[in-house]
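Okay, here's what each chain looks like letter by letter:
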Amino acid sequence: MAKVTRDDVARLAGTSTAVVSYVINNGPRPVAPATKERVLAAIKELGYRPDRVAQAMASRRTDLIGLIVPDARQPFFAEMAHAVEQAAADRGKMVLVGNSDYLDEREVHYLRAFLGMRVSGLILISQGPSEHSATEIDAWDARVVLLHRRPEAIDDVAVVLDDVGGAQLATRHLLEHGHESVTCLGGVDSTPENGDPVTDHVDGWARAMSEAGRPVEGRLVKAPYNRYDTYKLALDLLSRPDRPTALFCATDDQAIGVLRAARELDLDVPGELAVAGFDDVKEAALTDPPLTTVASDRPAMARAAVDLVLDDGLRVLGSRRERVRQFPSGLVVRRSCGCA
């Protein structure tokens with residue numbers, strides 16, 4: 001049986017091969033709905049399958065988007081990766097995912113691998129202030145969008161959240177419940193130069209405390225990002241005679257570890273300990289008690305990142321500030337803070 005070609009599809013649909021190409025690739029030119037329906041019907045009737053390898057060789061681009069995350073095992077990054085995959089599928093693209101494991105050399109490894117595969121674009125959730133990654137991006141002259149965080153070393157377009165504002169909302173809310181002070185579980189190695197959202201969460205907590213006239217000295221605890229190690233740390237923190245009565249956790253994963261530790265120590269949450277997190281991962285609604293947290297519109301952020309990485313015109317922006325698209329954060333009130 002002879003192989004079905006694009007010419008066969010064009011003949012049956014009564015159109016040109018260029019129009020068939022526009023339908024298959026979802027652009028770059030628009031196709032009238034009636035014509036598109038004829039082309040899709042011809043493709044189905046003939047059983048046509050595009051040769052993606054040949055297309056990639058001709059255009060020097062694939063239908064792939066590279067996505068690098070620090071750790072896809074963490075709920076926030078898993079949910080963000082899923083949102084990116086959904087947004088990419090809506091644009092006719094597939095997503096390759098690489099985990100940097102918070103290691104600079106692994107981030108550079110995936111940058112080289114994905115860019116060498118001629119992906120249509122790359123979305124990077126960077127693990128830190130990576131000058132090596134910045135050099136690699138410049139060398140490939142790649143289309144890259146930063147998502148979730150923007151290290152100072154990398155000057156590409158970014159899609160981020162109002163992390164400072166979100167942390168302020170959560171801290172103020174805990175203080176409004178009558179607590180004299182709110183202790184913050186921050187990150188282990190966060191610094192302002194990292195462009196690290198956790199640093200912004202700590203900054204927002206400190207601003208809210210200052211606004212309320214509360215001191216922050218001795219109230220910031222460095223904690224791992226994951227629930228397992230934070231659980232161990234919380235067992236010690238919550239066993240002290242001067243244990244905090246309110247905790248703002250820089251991530252929901254940390255807060256989940258805290259809730260587990262509180263349960264084992266027979267501490268009533270929120271009666272003896274109020275807890276708020278940040279990220280609003282799906283599991284936050286199922287903890288006991290349900291976790292008050294700060295939410296972001298991850299699907300919208302993912303769509304923005306995919307649109308930016310695929311549309312050349314959107315990357316020609318002005319100053320560094322103009323090249324950052326910031327989304328608002330919002331407080332999701334559940335029972336762990338003391339609300340009914």
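For the structure, check the block above.
Residues numbered from 1 in each chain as written. Predicted model: local features only at pLDDT ≥ 70, side-chain atom pairs only at ≥ 80, totals over all residues. Heavy atoms only, no water.

Quick look at the sheet that holds strand E2 (residues 94–99) now. Taken together, the six strands give an open sheet; going across it, the order is E2-E1-E3-E4-E5-E11, and neighbouring strands pair in parallel fashion. Looking along the sheet, the strands with just one partner apiece sit at the ends: E2 and strand E11 (324–327). Here the strands of the sheet are splayed against their neighbours by 20° on average, with no regard to which way each runs. The sheet contact formed by strand E3 (residues 121–124) and strand E4 (residues 144–147) spans three bridges and is parallel. Each residue of the ladder has a partner; that of Ile123, found in E4, is Val145. Here helix H5 (residues 75–90) sits on the sheet and contacts strand E1 (64–69), E2, E3 and E4; the angle it forms with E1, its principal contact strand, is near 170°. In the packing of helix H12 (residues 298–310) onto the sheet, the strands contacted are E1, E3, E4, strand E5 (157–161) and E11, and the crossing angle to E5 comes to about 175°. (Pairing = 2+ DSSP bridges. Helix = DSSP H or I, 4+ residues; strand = E, 2+ residues; numbered from the N terminus. Axes fitted to C-alpha atoms, helices over the stretch in contact; angles between N-to-C directions. Contact = heavy atoms within 4.5 Å.)

Along the chain, Asp163 falls in helix H8 (residues 163–176). Although Asp163 is buried, it forms no salt bridge, and the closest oppositely charged side chain is Arg149 at an N-O distance of 9.1 Å. Polar side-chain contacts of Asp163 include one of 2.8 Å to the side chain of His201. Ignoring anything within four residues of it in the chain, the contact list for Asp163 reads His148, Pro197, Asp200, His201 and Phe278. (Buried < 20%, exposed > 50% of the residue type's maximum accessible area, 1.4 Å probe, protein only. Lys, Arg positive; Asp, Glu negative; His and termini not counted. Salt bridge = Lys/Arg side-chain N within 4 Å of Asp/Glu carboxyl O. Polar contact = N/O pair within 3.5 Å; in protein donor to acceptor, adjacent residues only side chain to side chain.)

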